[in-house]
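So the chains spell out like this:
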Amino acid sequence: MNKISIVKNNVIPFDSSNIIICNNNISILDSGNYVLEYIDCDDVKLNIHVDKNKCINLFEYSYDNDISVNNKYNIDKKASLIINKFYCNKNSNENIDINLNGENVFVKYNFSSISNGIDKYKINIYHNAKKTNSDIFNKTIAKESSSNYFDINSYVENGIIDTYLNQSTKIITLGDSDNRINPNMYTYDNSTTAVHSSVIGSVSEDELFYLMSRGISYDESIRLIVKGTLLSNINIPCEYWQEINDIIDTLGGE
Amino acid sequence: MLKIENLSVNINNKQILNNFNLVINNGEVHVIMGPNGVGKSTLSRVIMGDSNYIVTDGSILFDGDNLLPLSVDERAKRGIFLAMQNPVEIDGVSNQDFLRTAMSSIENKQIGLYDFILSCEKGANDLSMNKELIHRSLNTGFSGGEKKKNEVLQIKLLKPKFIILDELDSGLDVDSLRICAENIWKYKEGNKDTSILIITHHPKILEYIKPDFVHILENGKIVKTGDYNLALDIEKNGYNAVTKEDKNE
């Protein structure tokens, strides 16, 4: 696994034949598993380039930052990028662009987060070539008094045929919080397949009743549901598994 | 074991149970039958503690203790198990995590992984259940039969002393019904004091789980009580014919 650390908004250079790092431009040249971790960051701007024909699994992790992120992902022809991402920040303000630049490019974006403060996410997916696929899955646990705003925009111009757009966002509220999801699919080509779902709500009473009817306490039931929601959405590298579990465990029964 | 006295229950300001009475002693098997909408499932949910159902009068005693102030999980820890008609699907919560957490809660100690796996495998084998289901999200994408087998697996793992089967037979093919019911009966034979309350429309399940009493529920109360033959009579002649004589009296 190649780990790229972003410390105080800058990429820490390291020797690797798989990656070229120049300032905050990251070119990934070989297929494989990569990690991006944000440490003590407040304003990050990265350009991430995935070379043609490569299959990249990228795990992104940010904990306890008060962070603004403006990242661009450029994916070349016949490449695929799977992003698994976990945030638990003080506040997050994120604006990312995902450019699907070549035929048969595929992006899968799995994002799980715990919201403590004000979190704003704007995710733009540009289908710039035919037969491109995007799958966007966001799952958030909104703690008491937090705010979550998702603006997800998928773009397909006329003539970009046979694209597939999928957006799914779910926010589970633990107490009073302010939440909004805007799923937008701007497609000007009739051959596009578009699917979306957006859900905001508290933990289901039926689910709670079922778990508690098996002797599981209210707090533990909430913890199981929250954990299941967040962890089922992302693949986590072993190195981060315990840390993320510990973060989620602090949520039970709030 | 269970004593229900003068129980009246509302939901959404509509009375469902009306001055309902029932006593179930240790080791007994009782059956509640009745047309749709007379309060059979309400009874099961009230015993389990569903807060959507408001008890307006009466009491439920379990082993002599008042059940009504207890939360749902506390009732389960006392040994009450409700096998639900439509087990809820919980995406993301693995069946394995759920089962182990439930066992640890009921037994009030952390269940070791090795013991847990052994228990699960044995239970799944007994039920001719696909072991993959243990690792999937809880009930998510399970067939009707698989969901019911998962309920019975929970009975085997959690070892309750009072089991409510709310239309266990709905959504089950004949083979799956036989397997589920035989497993429950075998569990009961190994736990002689365990009592069972069966809610059903069909007497088929009673070929495997032998009832001591069969009750007919109408308008929120029991209107007739008999034995297994009453269930057969209902299937043959219908509720109206069976209760007509009593109503005329």
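Residues numbered from 1 in each chain as written. Chains lettered and ligands numbered in written order. Predicted model: local features only at pLDDT ≥ 70, side-chain atom pairs only at ≥ 80, totals over all residues.

Draft legend 1. Representation of the overall build of chain B. Of regular secondary structure, chain B possesses eight helices and twelve strands. Here the C-alpha atoms of chain B give a radius of gyration of 18 Å, agreeing with the 18 Å that 2.2 N^0.38 yields for 249 residues. Each principal axis of the C-alpha distribution contributes one length, and for chain B these read about 60 × 40 × 35 Å. Scored against the burial criterion, the 249 residues of chain B give a buried share of 45%. In chain B, 71% of the contacts between residues at least 6 apart in sequence involve partners at least 24 apart. (Helix = DSSP H or I, 4+ residues; strand = E, 2+ residues; numbered from the N terminus. Rg over C-alpha atoms; globule rule 2.2 N^0.38 Å. Buried ≥ 20, exposed ≤ 12 C-beta atoms within 10 Å, placed from the backbone. Contact = placed C-beta atoms within 7 Å.)

Draft legend 2. Representation of the overall build of chain A within the structure. Each helix and strand counted, chain A has three helices and 17 strands in total. Taking 18 Å as the expected radius of gyration for a compact globule of 254 residues, we find that chain A reaches 18 Å, a close match to that expectation. Expressed as a percentage of its 254 residues, the buried residues of chain A come to 39%. In chain A, of all internal contacts separated by at least 6 residues, the share reaching a separation of at least 24 is 77%.

Draft legend 3. Representation of the confidence of the model for chain B in the model. Across chain B, the average pLDDT comes to 94, with 98% of residues at 70 or higher. Here the prediction assigns the complex a pTM of 0.89, and the interface score ipTM is 0.95. (pLDDT = per-residue confidence, 0-100.)

Draft legend 4. View of the packing of helix H3 (residues 95-107) of chain B against helix H6 (residues 144-158) of chain B. All names here are of chain B. Here H3 crosses H6 at 35°, and the two axes come no closer than 10 Å. For the element pair H3 and H6, the recorded crossing hand is right-handed. Each of Asn 95, Leu 99, Ala 102, Met 103 and Ile 106 in H3 lies in contact with H6, whose residues at this interface are Asn 150, Gln 154, Leu 157 and Leu 158. Tallied by class, residues from the contact of H3 with H6 come to six nonpolar, three polar and no charged. (Axes fitted to C-alpha atoms, helices over the stretch in contact; angles between N-to-C directions. Left-handed = near helix turned anticlockwise from the far one by under 90°. Nonpolar A, V, L, I, M, F, W, Y, C, P; charged D, E, K, R; others polar.)

Draft legend 5. Region of the structure containing the sheet that holds strand S11 (residues 106-115) of chain A. Residues and elements named next belong to chain A. In spatial order, the strands read S2-S1-S5-S7-S9-S11-S13-S15-S17; together these nine strands make up an open sheet with mixed pairing. Strands with a single pairing partner mark the edges of an open sheet, and in this sheet they are strand S2 (10-11) and strand S17 (193-202). By the bridge criterion, six bridges tie strand S1 (residues 2-7) to strand S5 (residues 32-39) in an arrangement that is parallel. Among the inter-strand pairings, Ser 5 is bridged to a residue of S5, identified as Glu 37. Taken strand by strand, helix H2 (residues 218-231) contacts S11, strand S13 (133-142) and strand S15 (164-173), and its axis lies near 155° from that of S13. (Pairing = 2+ DSSP bridges.)

Draft legend 6. Just the interface of chain A and chain B, in detail. Taken together, the contacts link 16 residues of chain A with 23 residues of chain B. Mapped by element, the contributors of at least two residues to the side of chain A that touches chain B are helix H1 (205-212) and H2 of chain A. A breakdown of the residues in the side of chain A that touches chain B according to their chemical character gives six nonpolar, six polar and four charged.

Draft legend 7. Representation of the environment of Ile 196 of chain B within the structure. Residue and element names in this part refer to chain B. If you trace the backbone, Ile 196 turns up in strand S10 (residues 195-199). Distance from Ile 196 to Ser 41, taken between C-alpha atoms, is 15 Å for residues 155 residues apart in sequence. Setting aside residues no more than four positions away along its own chain, Ile 196 makes contact with Val 29, Ile 163, Leu 165, Lys 188 and Ile 209.

Draft legend 8. Focus on the pairing of strand S3 (residues 29-33) of chain B. All names here are of chain B. Judged by how many residues are buried, S3 sits mostly within the fold: five of five residues are covered. When S3 meets S10, the two strands line up parallel, connected through four bridges. Paired with Ile 32 across the strands is Ile 199, a residue of S10. Sheet analysis places S3 next to strand S11 (residues 213-218), joined by four bridges and oriented parallel. When the bridges of S11 are listed, Met 33 appears paired with Ile 216.

Draft legend 9. Up close: the nonpolar core. One finds Leu 81 of chain A together with Phe 81, Ala 83 and Ile 198 of chain B to be the most contacted residues of the largest nonpolar core, which totals 130 residues. Per-element accounting of this core gives the leading share, six residues, to H2 of chain A. For Phe 81 of chain B, the contacting residues outside a window of four places in its chain are Ala 76, Ile 155, Leu 158, Pro 160, Ile 163 and Ile 164 of chain B. (Core = buried A, V, L, I, M, F, W, Y, C linked by C-beta atoms within 7 Å.)

Draft legend 10. Focus on the sheet that holds strand S3 (residues 19-22) of chain A. All names here are of chain A. Overall, mixed pairing links the eight strands, which are arranged S3-S4-S6-S8-S10-S12-S14-S16 in an open sheet. With one partner strand each, in any of the chains shown, S3 and strand S16 (178-187) form the two edges of the open sheet. Strand-to-strand, the axes of this sheet are offset by a mean angle of 10°, without reference to chain direction. Note: strand S12 (residues 118-127) against strand S14 (residues 147-156), ten bridges, orientation parallel. Of the residues in S14, the one forming a bridge with Lys 122 is Asp 151.

Draft legend 11. Examining the environment of Leu 168 of chain B more closely. Residue and element names in this part refer to chain B. Within the fold, Leu 168 resides in the loop between strand S9 (162-166) and helix H7 (174-190). In this structure the C-alpha to C-alpha distance between Leu 168 and Gly 141, which are 27 residues apart in sequence, comes to 18 Å. Excluding anything up to four places from it in sequence, Leu 168 contacts Ala 83, Lys 148, Cys 180 and Ile 205.

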